Amino acid sequence: MTTRPPQLETPFSIFHESIFTPNDAFFVRWHLANIPQKIDPDTFRLTIRGRVNHPLSLNLHELKTQFEQMEIAAVCQCAGNSRGFFQPRVPGGQWGNGAMGNAKWKGVRLRDLLQKADMKEDARHVRFDGLDQPVAEATPDFQKSLGLNDALHEEVLVAHSMNGESLPMLNGFPLRLVVPGWFATYWVKMLNDIEVLNEADQNFWTTKAYRLPADPCHCARPGEMLTSTVPTGKMAVRSFITNVENDQTVTGGKVFDIKGIAFDQGYGIDRVLFSMDGGQQWQSTRLGTDYGDFSFRPWEAQFIPETGRSYRLQSLAINRIGESQRFSPRWNPSGYLRNAIETVTIHAI
Amino acid sequence: MRVSFFLSVWLLVTIIFCGQVVAKNPEEILTFKLPSDPISFQPAPGSQLANNYCLICHSAEYIYMQPPHPRELWTEIVHKMKESFGCPIPDEQISPLVDYLLSQNSIQISPPTHSVQSEAPEIIADQPQSFPGDPRNGKVLYERHCPTCHGAGGKGDGLIGQSLVPPAANLTLLREKSDTSILDTIRNGRPGTAMPSWKDYLNHSELNDLLSYIRTLSP
């Protein structure tokens, strides 16, 4: 999508090919263009400092040998995934549906690192910084933070591997924060500094960017001034049909398999419904292998298209606490958090 | 249309990126090279402003990928670039720049189908004395396009020159550099830095004029 800084979208067909998104096709999104083009794993250090009694400076070997290694399957999705479909259109990266991916992330629990550093009583927030830097001095460095409770969740990892390989440079070699269920903006790449704070982070990227209207819908009317906002935080339940493209033709009169994926913010998918008439009638689908609550969940359904007819295919996911996708798209000025039911039209011949 | 655009950019860029990831082995130093910007601001009234103020931190794609925005929204975006990110554009230039941005909004320009780097350089031979340009015209071109970063005297001390990472080069210290390499940098820019490509703005003889002018600059 852009070359400087690099932003690349995963071609949608990849989601049909495998439930785990290959590293070399995984979407890429940087904010600042001054990214190190060279990293020496032998001299690289991760520091943990701030409101701690024992600041740490760890090399990769120590990280891989002195702490328990964990692996988790989790979806990483940009808050602005599908922004290109907002109506009226909004500024920002004009992503289709490919600013997301599912991978097996391996590394150490952030919690274990924080425990080893021995946080002081007044620790409240944890801030993460990577090696990427702004081009102009006046641009705020890209940092994100989590409240202490969220940071201490056991699935939050400092990961060194993705799908069994070292992280690629473009996806944050040598370390990336993995915050399952949360939008990708928190998954700081090239992570080299963790700072424990005793007050809320005032950094631009936490306080000004990645904000949603505060109302429960996170909706706004075009042109409306936002009076109160909240951070983008966690994802919302979504599903996609992955094996057909819009306007594709299929053979009528015989059984056609529909395949897709669903995911949410970590409650897990309870069921996915499928419609072939634009949402008037819904049928149930079969869920496939469960790779964990944070992963893509495959699903499939069948129907027999009649020759000469067109079908508006839709899927609707519901998670284990009963949240479903939205029937009508929400609108907000930054184009975040789309989770409306998507439609794919096919023609049977 | 949009999807195929994403796809082609994806392919283009993955080819470049993947081709240049030197090592996957964790024991080795990892390096990769960033590709050059595939598109530049189209020459039109106001494009100098965009070249000087909108290529510092990101590529022109950030602008060309935007859907149609009204004037107020473009003005708001430019103010955000200035106030939140430190874009050094003077207030009185904002309105002419917005005119230009509106004129470019939603123009479809397709990136080249092959990498800019692999293009055979148009510069023909590396004969140090073979680029006789007109330094007077070079000065005019320099003053139009280059001082925001490189400074009036070429020392890299323009309005924003030293705050860039890497900083704008001191053009008075290029004695050791061959004409070809200087021309190549001006033509194609420096991938991964704020130095833009000028090939859509400057033809062969203008490049030579600029080179001759740069050769007259003294430290």
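Residues numbered from 1 in each chain as written. Chains lettered and ligands numbered in written order. Predicted model: local features only at pLDDT ≥ 70, side-chain atom pairs only at ≥ 80, totals over all residues. Heavy atoms only, no water.

Peer 1: Could you clarify how one ought to interpret the pairing of strand 24 (residues 343-348) of chain A in this entry?
Peer 2: For a regular strand, the rule is simple: side chains alternate between the two faces of the sheet. Residues and elements named next belong to chain A. Of the two faces of strand 24, the one holding Val344, Ile346 and Ala348 is buried and the one holding Thr343, Thr345 and His347 is not buried anywhere. The pairing of strand 17 (residues 248-250) with strand 24 spans three bridges and is classified as parallel. Across the sheet, residue Val250 finds its bridge partner in strand 24, namely Ala348. (Buried < 20%, exposed > 50% of the residue type's maximum accessible area, 1.4 Å probe, protein only. Helix = DSSP H or I, 4+ residues; strand = E, 2+ residues; numbered from the N terminus. Pairing = 2+ DSSP bridges.)

Peer 1: How should I be thinking about the sheet that holds strand 23 (residues 310-319) of chain A in this particular structure?
Peer 2: Within a beta sheet, neighbouring strands are joined by backbone hydrogen bonds and run either parallel or antiparallel to one another. All names here are of chain A. Taken in spatial order, the five strands line up as 17-24-23-19-20 in an open sheet, and their pairing is mixed. A strand with exactly one partner marks an edge of an open sheet, and here the two such strands are strand 17 and strand 20 (283-284). Across five bridges, strand 23 lies against strand 24 in antiparallel orientation. Its bridge partner being in strand 24, Tyr311 is matched across the sheet by Ile346.

Peer 1: Explain the sheet that holds strand 18 (residues 256-263) of chain A here, please?
Peer 2: Residues and elements named next belong to chain A. The sheet built from four strands is open, its strands ordered 16-18-22-21 with antiparallel pairing. Since the sheet does not close on itself, it has two edges, and those belong to strand 16 (238-241) and strand 21 (286-287), each with one partner. As paired strands, strand 16 and strand 18 are joined by four bridges and run antiparallel to one another. Its bridge partner being in strand 18, Ser239 is matched across the sheet by Ala262.

Peer 1: How should the pattern of salt bridges be read in this particular structure?
Peer 2: All names here are of chain A. Summed over all chains, the structure comprises 22 salt bridges over all chains. Two residues, Asp201 and Arg127, come together in a salt bridge whose shortest N-O distance is 2.7 Å. Of this pair, Asp201 sits in the loop between strand 13 (191-197) and helix 5 (204-207) while Arg127 sits in strand 8 (residues 125-130), placing them 74 residues apart in sequence. Its relative accessible area of 5% is what places Asp201 among the buried residues. Residue Arg127 is classed as buried on the basis of its relative accessible area, which comes to 17%. Glu224 is paired through a salt bridge with Arg221; the nearest N and O atoms lie 3.8 Å apart. On the accessibility criterion, Arg221 (60% relative accessible area) is exposed. (Salt bridge = Lys/Arg side-chain N within 4 Å of Asp/Glu carboxyl O.)

Peer 1: In this structure, what is going on with the environment of Leu183(B)? I would like to understand it.
Peer 2: Residue and element names in this part refer to chain B. Position of Leu183 among the secondary structure elements: in helix 8 (residues 179-188). For Leu183, a relative accessible area of 2% puts it in the buried group. Measuring from C-alpha to C-alpha, the distance between Leu183 and His204 comes to 9.5 Å, with 21 residues separating the pair along the chain.

Peer 1: Would you explain the environment of Gln7(A) in this entry?
Peer 2: Here Gln7(A) shows up in strand 1 (residues 7-8). The spatial distance from the C-alpha of Gln7(A) to the C-alpha of Trp95(A) is 9.8 Å, given a sequence separation of 88 residues. Look past the residues within four positions of Gln7(A) in its chain and what remains in contact with it is Met1(A), Thr2(A), Val28(A), Arg29(A), Trp30(A), Trp95(A) and Tyr62(B). (Contact = heavy atoms within 4.5 Å.)

Peer 1: When you look at the pairing of strand 18 of chain A in this model, what are you seeing that I'm missing?
Peer 2: All names here are of chain A. The buried count for strand 18 comes to six of eight residues, which makes it a mostly enclosed element. For strand 18 and strand 22 (residues 297-303), the ladder comprises seven bridges, and the chain directions are antiparallel. Note on strand 22: the bridge partner recorded for Gly260 is Trp299.

Peer 1: How do you make sense of the domain arrangement of chain B when you look at a structure like this?
Peer 2: Accessible area lost when the parts come together is the quantity often used to give the size of an interface. Residue and element names in this part refer to chain B. On domain assignment, one finds that chain B holds domain 1 (3-36 + 112-216) and domain 2 (47-103). Three residues stand out in domain 1 for area buried against domain 2, namely Thr148, Ile160 and Tyr201, and they jointly supply 39% of the buried area on that side. Applying the counting criterion to the domain 1 and domain 2 interface returns two residue pairs in polar contact (both at pLDDT 80 or more). (Domains from an automatic or database assignment. Buried area = accessible area lost by both parts, 1.4 Å probe. Polar contact = N/O pair within 3.5 Å; in protein donor to acceptor, adjacent residues only side chain to side chain.)

Peer 1: What am I meant to see in the state of the cysteines here?
Peer 2: As used in these notes, a disulfide is a covalent bond between sulfur atoms, one from each of two cysteines. Considering all chains together, one arrives at one disulfide over all chains under this definition. Each sulfur of the disulfide joining Cys217(A) and Cys219(A) lies 1.6 Å from the other. Overall, the relative accessible area of 22% leaves Cys217(A) in the partly exposed class. You can call Cys219(A) partly exposed: its relative accessible area is 21%. Residue Cys146(B) stays outside any disulfide, its sulfur separated by 8.8 Å from that of Cys149(B), the closest cysteine. (Disulfide = S-S within 2.5 Å.)

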